[in-house]
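# Reading the structure
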Protein chains: 2
Amino acid sequence: MVDLQKVIDAKSYCYKLVEKSFEKNEMITSYIEKRKQIFILISGEATLIRYDVRGNKDIVDFFHEGSVFGEAFYNVYLNSEMSVIASKKCKVLTIMLDDVLKKCDSRCKNHDMLNELLLNLLFENTTHLNSRIEVITKRTIREKLLIYFKTLSIESYSPIIRIPFSLTDLADFLSVNRSAMMRELKALEDDGIIQKINKNRYKLLYR
Amino acid sequence: MVDLQKVIDAKSYCYKLVEKSFEKNEMITSYIEKRKQIFILISGEATLIRYDVRGNKDIVDFFHEGSVFGEAFYNVYLNSEMSVIASKKCKVLTIMLDDVLKKCDSRCKNHDMLNELLLNLLFENTTHLNSRIEVITKRTIREKLLIYFKTLSIESYSPIIRIPFSLTDLADFLSVNRSAMMRELKALEDDGIIQKINKNRYKLLYR
DNA sequence: AGTATAATGTTGCTTATGCAACATAAAACA
DNA sequence: TGTTTTATGTTGCATAAGCAACATTATACT
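Residues numbered from 1 in each chain as written. Chains lettered and ligands numbered in written order. Predicted model: local features only at pLDDT ≥ 70, side-chain atom pairs only at ≥ 80, totals over all residues. Heavy atoms only, no water.

## A word on helix α6 (residues 178–190) of chain A
Residue and element names in this part refer to chain A. Spanning 13 residues, α6 covers 18 Å between terminal C-alpha atoms, matching the ideal 18 Å at 1.5 Å per step. Along α6, the positions that sit buried rather than exposed are Ala-180, Met-181, Leu-185 and Leu-188. Seen along its axis, α6 keeps its buried residues to an arc of 140 degrees; they face one direction. Turned more than 90 degrees from where α6 packs its buried face, Arg-183, Lys-186 and Asp-190 sit exposed. Of the surrounding elements, those touching the buried residues of α6 are α4 (141–155), α5 (167–173), β10 (194–198) and β11 (201–204). In the stretch just after α6, Gly-192 is the one whose phi turns positive, near 70 degrees. (Helix = DSSP H or I, 4+ residues; strand = E, 2+ residues; numbered from the N terminus. Expected span 1.5 Å × (residues − 1). Buried < 20%, exposed > 50% of the residue type's maximum accessible area, 1.4 Å probe, protein only. Arc of directions from axis to C-beta. Contact = heavy atoms within 4.5 Å.)

Below you can see the structure in the form of structure tokens.
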């Protein structure tokens, strides 16, 4: 894997990397059709939030270290407004899509290095998105919860999982009704399938 | 954008591209944990199908020219079986993930070219996956249909859209019940929001 | 510390969606 | 061309999930 720091340090004429910091709850970006920005999350956690016409909130995605995001990856529609909010203190790197895709006259080493970095990040990101689809295509709340928890468990190599946001947000993330989800969580506990440890930690009693 | 043919022609010692053809309904690949293969669809159309423990079929994804797929992008779980089936005659290119990610001793030009190609394909793919998530996170069948149709409409620059598979498969793709979806399609027609043209073509009367 | 705000937990009722079963039409096949 | 298979269309009933309203607990704020 390419060293991120190396790419940051390697100043180049053909692209410009800008590093920025954000406090908790600050808006990192909102998706506007015209810009074509790419963000790489260096540290912290953030959520991509969408408000639809009726004002309903959806957690469209959750980002952590190494996540790539930005309106460059979205077909931005006029009827929904998306923004990325830091849920913890964040450090991000921004690049313009055009800078990445354009060919520099002489194939410069730095550009190739940037490509390699982005390729690696996009790889992981694709896997992440596929997992997310795996979760939300499940038909019942119970199945969504179980698959999502399993993903978290596999990622952390542990049967004890930490949900990276509030239960209220989890419901939005799984795109289900919150109280229905609470009901289901209780049912899963009653059935001895999961066990609540604290606020956002559960122990999985299945495999 | 890098020319695909150029990459195919550029023989290199550090990676191996293999071109394969598949007839309609043939299985292109099934996702097995151990392999780390990447497929690029050169021509044709294919669907990624999952059968869960209970035998329910889900259309997890739909691939067309330029799509990238393979178990390399999946956290393959033991409890669901996935396979890619050609829905039309297909030509695909296969590469091993390890060949892409490994560093060759001397940074070879061909490898950089391959990286650039893959980066471009993954870009588009990420956008595609995000659109898909946009669709299935919608809470009602009606909204799912409308957003999906809108996506198709934007892609084809036309209010007349072609659903790339049967209505039965569309229901699996949106992960909703088929008869409930049929009911909703009819309701959308009755409400003058869409208009059926033929088997899998609809005209959108909204924007 | 005390107040305001947001998250969690719980319930009764409503509704959209799932499910099953069937008829009809269209493809696929031989 | 006739036969089999698959897709489409439709319905009544069952149920999971949505919604609203509220109490309780935790967190944030000054």
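## Details of unusual backbone geometry
Residues and elements named next belong to chain A. In this model, Ser-175 sits at a positive phi of 45 degrees, which is unusual for a non-glycine residue. Note on placement: Ser-175 falls in the loop between α5 and α6. Residue classification places Ser-175 among the buried residues on the basis of a relative accessible area of 8%.

## Quick look at the protein's contact with DNA strand D
The full set close to DNA strand D counts 21 residues, and Thr-140, Ile-141 and Asn-177 of chain A together with Thr-168 and Met-182 of chain B are the nearest of them. Take the atoms of DNA strand D that sit within 4 Å of the protein: sugar and phosphate atoms are 55% of them. Within the contact set of DNA strand D, a base oxygen lies 3.0 Å away from a side-chain nitrogen or oxygen of Arg-183 of chain A. Between DNA strand D and Lys-199 of chain B, the relevant distance is 3.5 Å, taken from a phosphate oxygen to a side-chain nitrogen or oxygen of the residue. (Near = heavy atom within 4 Å. Polar contact = N/O pair within 3.5 Å; in protein donor to acceptor, adjacent residues only side chain to side chain.)

## A look at the domain arrangement of chain A
Residue and element names in this part refer to chain A. Partitioning chain A into domains gives domain 1 (4–134) and domain 2 (138–204). For domain 1 versus domain 2, the separation of C-alpha centres amounts to 27 Å. Across the boundary between the two partners, domain 1 contributes 11 residues, which contact 10 residues of domain 2. Carbon and sulfur atoms supply 53% of the area that domain 1 and domain 2 bury against each other, a total of about 900 Å² over both sides. Of all residues in domain 1, Ile-59, Phe-62 and Glu-134 give up the largest surface area on contact with domain 2, accounting jointly for 48% of the area buried on that side. At the surface where domain 1 touches domain 2, the tally comes to one salt bridge. Its salt-bridge partner being Glu-45, residue Arg-162 comes within 3.3 Å of it at the nearest N-O pair. For the interface between domain 1 and domain 2, the tally reads two residue pairs in polar contact (both at pLDDT 80 or more). At the level of secondary structure, the elements contributing two or more residues to the side of domain 1 that touches domain 2 comprise β5 (57–63) and α3 (109–136). The dominant element in the side of domain 1 that touches domain 2, judged by the number of residues it contributes, is β5, at five residues. By residue class, the composition of the side of domain 1 that touches domain 2 is two nonpolar, two polar and seven charged. (Domains from an automatic or database assignment. Buried area = accessible area lost by both parts, 1.4 Å probe. Salt bridge = Lys/Arg side-chain N within 4 Å of Asp/Glu carboxyl O. Nonpolar A, V, L, I, M, F, W, Y, C, P; charged D, E, K, R; others polar.)

## So, the sheet that holds strand β8 (residues 90–96) of chain A
Strand-to-strand pairing in sheets goes through backbone hydrogen bonds, with the strands running parallel or antiparallel. Residue and element names in this part refer to chain A. Read across the sheet, four strands follow the order β1-β8-β3-β6 without closing on themselves; strand pairing throughout is antiparallel. Each end of this open sheet is capped by a strand with a single partner; those strands are β1 (18–22) and β6 (68–69). Note that strand β3 (residues 37–43) and β6 share two bridges and pair antiparallel. Looking at β6, one finds that Ile-40 is bridged to Val-68. (Pairing = 2+ DSSP bridges.)

## Quick word on the packing of aromatic side chains
When we look at a pair of aromatic rings, we describe it by the centre distance and by the angle of the planes. Taken as a whole and assessed by the stated rule, the structure comprises 18 aromatic pairs over all chains. Summarising the aromatic geometry, the rings of Tyr-148 of chain A and Phe-149 of chain A are spaced 6.4 Å apart at their centres and angled 45 degrees between planes, so their arrangement reads as tilted. Tyr-148 of chain A gets classed as buried once you look at its relative accessible area, which sits at 8%. Their ring planes at 15 degrees and their centres at 4.5 Å tell us that Phe-63 of chain B and Phe-69 of chain B sit as a pair that is stacked. (Phe/Tyr/Trp six-rings, centres within 6.5 Å; stacked < 30°, edge-to-face > 60°.)

## Some words on the protein's contact with DNA strand C
As a structural note, the neighbourhood of DNA strand C is formed by 20 residues, with Leu-167 and Thr-168 of chain A together with Thr-140, Ile-141 and Asn-177 of chain B the closest of them. Separating a phosphate oxygen of DNA strand C from a backbone N or O atom of Ile-141 of chain B is a distance of 2.9 Å. A per-element tally of the surface near DNA strand C places α6 of chain A first, with five residues. Here the residues of the surface near DNA strand C are counted per class, giving five nonpolar, six polar and nine charged.

## Details of the packing of α3 of chain A against α4 of chain A
For any two helices packed against each other, one specifies the crossing angle of their axes together with the interaxial distance. Residues and elements named next belong to chain A. Running from amino to carboxyl end, α3 crosses α4 at an angle of 155 degrees, the nearest separation of the two axes being 8 Å. Here α3 lies roughly antiparallel to α4, going by the angle between them. Contacts between α3 and α4 involve Ser-131, Glu-134, Val-135 and Ile-136 from the first element and Lys-144, Ile-147, Tyr-148 and Thr-151 from the second. Residue composition of the contact of α3 with α4, by class: four nonpolar, two polar and two charged. (Axes fitted to C-alpha atoms, helices over the stretch in contact; angles between N-to-C directions. Parallel < 35°, antiparallel > 145°, perpendicular 65-115°, else oblique.)

## Looking at the pairing of strand β10 (residues 194–198) of chain B
Residues and elements named next belong to chain B. Taken together, the four bridges between β10 and strand β11 (residues 201–204) define a ladder with antiparallel strand orientation. Bridge pairing in β11 places Asn-198 opposite Arg-201. Hairpin connection of β10 to β11: two residues between the antiparallel strands.

## Observations regarding the pairing of β11 of chain B
All names here are of chain B. Residues Tyr-202 and Leu-204 of β11 are buried on one face, while the alternating residues Arg-201 and Lys-203, pointing to the opposite face, are not. As judged from the three bridges shared by strand β9 (residues 160–162) and β11, these two strands associate in the antiparallel manner. Counterpart to Ile-160 in the pairing with β11 is Lys-203.

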